[in-house]
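Residue-level structural notes
Spelled out, the chains give:
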Amino acid sequence: MCGIVGVVSPGPVNQLIYDALLLLQHRGQDAAGIVTLLGRKVYMHKAKGMVRDVFRTRNMRALPGNAGLGQVRYPTAGNADSEEEAQPFYVNAPFGITLAHNGNLTNAQALKAELFTSDHRHINTESDTEVLVNVFAHELERTTRGLPLTPQDVFSAVGNVHKRIRGSYAVVALIAGHGLVAFRDPYGIRPLGMGRGADGTVMIASESVTLDGTGHKFERNIAPGEAVYVDMKGNVHTRQCAENPQLSPCIFEYVYLARPDSEMDGISVYQARLNLGESLAKRVVSTVPPNEIDVVIPIPESSRPSAMQLAQLLGIPYREGFVKNRYVGRTFIMPGQAVRKKSVRQKLNTIVSEFKGRNVLLVDDSIVRGTTSREIVQMAREAGARKVYMASAAPPVRFPNVYGIDMPTAEELVAHGRTVDEVRQIIGADALIYQDVEGMKAAIGKLNPQIKGFDASCFDGVYVTGDINAEDIARINEARIGQEDPLQENTSRLAIPNPQEA
């Protein structure tokens with residue numbers, strides 16, 4: 001997962017983009033980058049690390065200009081250790097293009113071959129973003145053929161990009177001397193929205209919270225397949241560039257990835273999680289009688305809305321039983337399983353009085369690998385819980401994700417090839433209750449009836465692009481970096497920063 005933002009403004013944009021990236025930090029903590037445009041000159045700084053660590057005062061002063069874009073990265077393709085693979089990426093022809101994207105190209109390897117043999121373009125990294133910027137640059141060059149750039153040229157190039165690229169992609173790009181381009185894949189798998197400031201600033205970003213938090217008014221989501229071109233005067237041009245667009249957003253954005261204070265594709269993320277709690281409550285009743293549950297306890301942070309709604313509907317006390325230490329590093333970047341196990345206990349500490357002598361229902365947003373859930377169940381028992389039940393606001397994660405979430409191997413997934421009871425035994429709970437797939441889709445889908453379907457491939461194995469097979473998954477697997485052993489780390493956190501840590 002990644003977070004992206006693009007801005008065209010009457011004034012300097014470096015501080016604005018920095019502030020926007022802080023609001024998107026939950027979408028990636030591996031690397032960050034900002035590029036600005038002053039006239040026809042491009043200024044860029046990018047490096048591994050958190051936004052606050054990557055950009056110092058001297059770096060900010062070296063980013064002049066009234067247009068720019070930024071990205072926070074969590075790598076799902078390429079090399080996480082390479083500074084070169086931090087985004088944005090730059091190519092000098094035509095015009096000079098910088099680009100950042102959120103998503104995952106499923107045909108990146110085939111495109112690399114095409115770029116070399118047919119387009120005569122060189123790819124120097126394993127990043128699919130470098131592939132994407134070169135495809136876009138090649139198509140823009142073909143369209144303009146040495147003539148001055150027009151909005152129609154941009155839209156024609158994006159249309160050709162849609163024809164060549166497969167997978168998920170939300171894109172922001174700068175064309176030196178001309179303006180900002182943004183576009184979204186024909187299925188709208190990854191989110192992208194736009195808004196304006198009172199001074200005429202135009203901002204495009206992954207989540208609406210980026211606009212809200214920087215004093216801009218959210219106007220609308222960019223439609224699947226649509227391209228937006230903002231010239232340097234702030235004039236906005238839009239066009240649908242895909243032949244058969246259909247909105248099928250990633251449902252995991254609402255389950256976990258997005259911040260609760262965001263609205264995406266007409267759906268409040270917070271309300272979606274409340275609805276998941278309501279639907280989950282019905283599943284709990286069918287498994288564990290409510291009178292056998294003394295207290296409902298969320299696993300911080302993103303499961304809280306679901307846990308609160310569930311507790312209210314069942315008439316069971318809701319309590320905070322875990323306290324989170326926000327100053328411990330992310331568990332997924334720590335070397336060695338022993339260190340990671342220790343870090344779970346450093347990051348979460350129990351309030352013993354909420355567990356001692358009680359039957360507790362722990363609620364989490366999802367269960368992926370199973371290791372963290374097992375550790376948390378054990379912590380509850382050590383705190384004196386008489387019985388420990390676990391409920392997941394999401395269904396069992398049984399299938400690989402190929403659209404930009406870091407869980408591509410089936411062998412990693414604790415629910416893959418196992419029954420619910422087998423998973424229960426692995427995590428050590430007295431009962432395990434999952435959301436069901438149709439219940440999840442209905443709970444979120446009713447918030448926007450215009451959405452006819454979601455990408456829920458990690459839950460139901462149905463890939464909305466319709467072009468994914470076992471060979472594709474195997475190939476993506478081979479390209480994956482930093483792969484852990486099955487079930488090693490990290491259960492509910494997906495190795496992705498928590499939305500409420502931003």
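Placed above this text is the structure.
The structure displayed is predicted, hence computed values, not measured ones.

Analysis parameters
Throughout, a residue's number is its position along its own chain's written sequence, starting from 1. This being a predicted model, a pLDDT of at least 70 is required before a residue's local features are given, and a value of 80 or more before pairs of side-chain atoms are given or counted; all residues contribute to the totals for chains, interfaces and linings. For the side-chain quantities, the full set of heavy atoms in the structure was used; hydrogens and water were omitted. Should DSSP find at least two bridges between two strands, the strands are regarded as paired. Strands are runs of DSSP state E lasting at least two residues, helices are runs of H or I lasting at least four, and both sets are numbered from the N terminus onward. Fitted lines through C-alpha atoms serve as axes, helices being fitted only where they are in contact, and the angles separating the N-to-C directions of these axes extend from 0 to 180 degrees. For this analysis, residues touch if any pair of their heavy atoms sits within 4.5 Å. Orientation labels follow simple angle bins: below 35 degrees gives roughly parallel, above 145 gives roughly antiparallel, 65 to 115 gives roughly perpendicular, and whatever is left gives oblique. Note on convention: the crossing is left-handed when the near helix lies turned anticlockwise from the far helix by less than a right angle, right-handed when the turn is clockwise. Amino acids outside the nonpolar list (Ala, Val, Leu, Ile, Met, Phe, Trp, Tyr, Cys, Pro) and the charged list (Asp, Glu, Lys, Arg) are all regarded as polar, and Gly is one of them. Between buried and exposed lies partly exposed: a residue is buried under 20% and exposed over 50% of the maximum accessible area for its type, with that area taken using a 1.4 Å probe on protein chains only. Contacts described as polar in this section are N or O atom pairs within 3.5 Å, which, within protein, must combine one atom able to donate a hydrogen with one able to accept it, while residues neighboring in sequence count only if both atoms come from side chains. Every definition here rests on a 1 Å grid over the protein atoms only: cavities are sets of points where a 1.4 Å probe fits but cannot get out, pockets are open sets enclosed by protein on both sides within 12 Å along at least five of seven lines, and lining residues have some atom within 4 Å of a point. Grid points are joined across faces, edges and corners, and a volume is the space filled by probe spheres set on the points. By this rule, a helix spans an expected 1.5 Å times one less than how many residues it contains.

**Remarks on the sheet that holds strand β19 (residues 359-364)**
To summarise the sheet geometry, strands pair through backbone hydrogen bonds and adopt either a parallel or an antiparallel arrangement. Strand order in the open sheet formed by 4 strands is β16-β19-β20-β21, with parallel pairing between adjacent strands. Both outer strands of the open sheet, β16 (295-298) and β21 (431-434), are each paired with one neighbouring strand and no more. Across the sheet, the mean angle separating the axes of adjacent strands is 25° when strand polarity is ignored. Where helix α10 (residues 304-314) meets the sheet, it contacts β16 and β19, and its direction lies at approximately 170° from that of β16.

**Concerning the pairing of strand β13 (residues 236-240)**
Bridging between strand β12 (residues 226-231) and β13 involves 5 bridges; their strand directions are antiparallel. For Y229, the partnering residue across the bridge sits in β13 and is H237. The turn linking β12 back onto β13 is made up of 4 residues, and G234 within it adopts a positive phi angle of 90°.

**What about the packing of helix α9 (residues 269-285) against α10?**
Packing of α9 against α10 leaves a shortest axis separation of 7 Å and a crossing angle of 45°. Here α9 lies oblique to α10, going by the angle between them. Judged by the twist between their axes, the crossing of α9 over α10 is right-handed. Contacts between α9 and α10 pair Y270, R273, L274, L276, G277, E278, L280, A281, V284 and V285 from the former with P305, S306, M308, Q309, L310, L313 and L314 from the latter. Partitioning the contact of α9 with α10 into residue classes produces 12 nonpolar, 3 polar and 2 charged.

**Examining the side chain of S279**
Within the secondary structure layout, S279 lies in helix α9. For S279, a relative accessible area of 14% corresponds to the buried category. A distance of 2.6 Å separates a polar atom in the side chain of S279 from a polar atom in the side chain of Q435. Beyond its immediate sequence surroundings of up to four residues, S279 is in contact with Q435, G439 and A443.

**Concerning the layout of surface pockets**
When its volume is computed, the second largest pocket comes out at roughly 300 Å³. As for the second largest pocket, its lining consists of 17 residues, and the residues nearest its centre are H162, I165, R166, P186 and Y187. Of all the elements in the fold, those that place two or more residues in the lining of the second largest pocket are α6 (151-164) and β7 (167-175). Tallying contributions element by element places α6 first for the lining of the second largest pocket, with 3 residues.

**Re the sheet that holds β7**
Across the sheet, which stays open at both edges, the 6 strands sit in the order β5-β6-β7-β8-β12-β13 with antiparallel pairing between neighbours. A strand with exactly one partner marks an edge of an open sheet, and here the two such strands are β5 (89-91) and β13. Sheet twist, expressed as the mean angle between neighbouring strand axes with direction ignored, is 20°. With 6 bridges connecting them, β7 and strand β8 (residues 179-184) associate as antiparallel partners. Each residue of the ladder has a partner; that of A173, found in β8, is V181.

**A word on the side chain of T98**
Secondary-structure assignment places T98 in strand β6 (residues 97-105). T98 sits in the buried class, given a relative accessible area of 1%. Residue contacts for T98: discarding those within four places in its chain leaves V35, V42, M44, L69, F89, Y90, V172, A173 and L174.

**Concerning helix α5 (residues 128-144)**
For α5, spanning 17 residues, the distance from its first C-alpha to its last is 24 Å, which sits close to the expected 24 Å at 1.5 Å a residue. Counting buried residues in α5 gives 14 out of 17 residues, a clear majority hidden from the surface. At the N-terminal boundary of α5, the capping side chain belongs to S127, with an oxygen 3.1 Å from the backbone nitrogen of T129. Once α5 finishes, R145 follows within two positions and takes phi at roughly 50°, a positive value.

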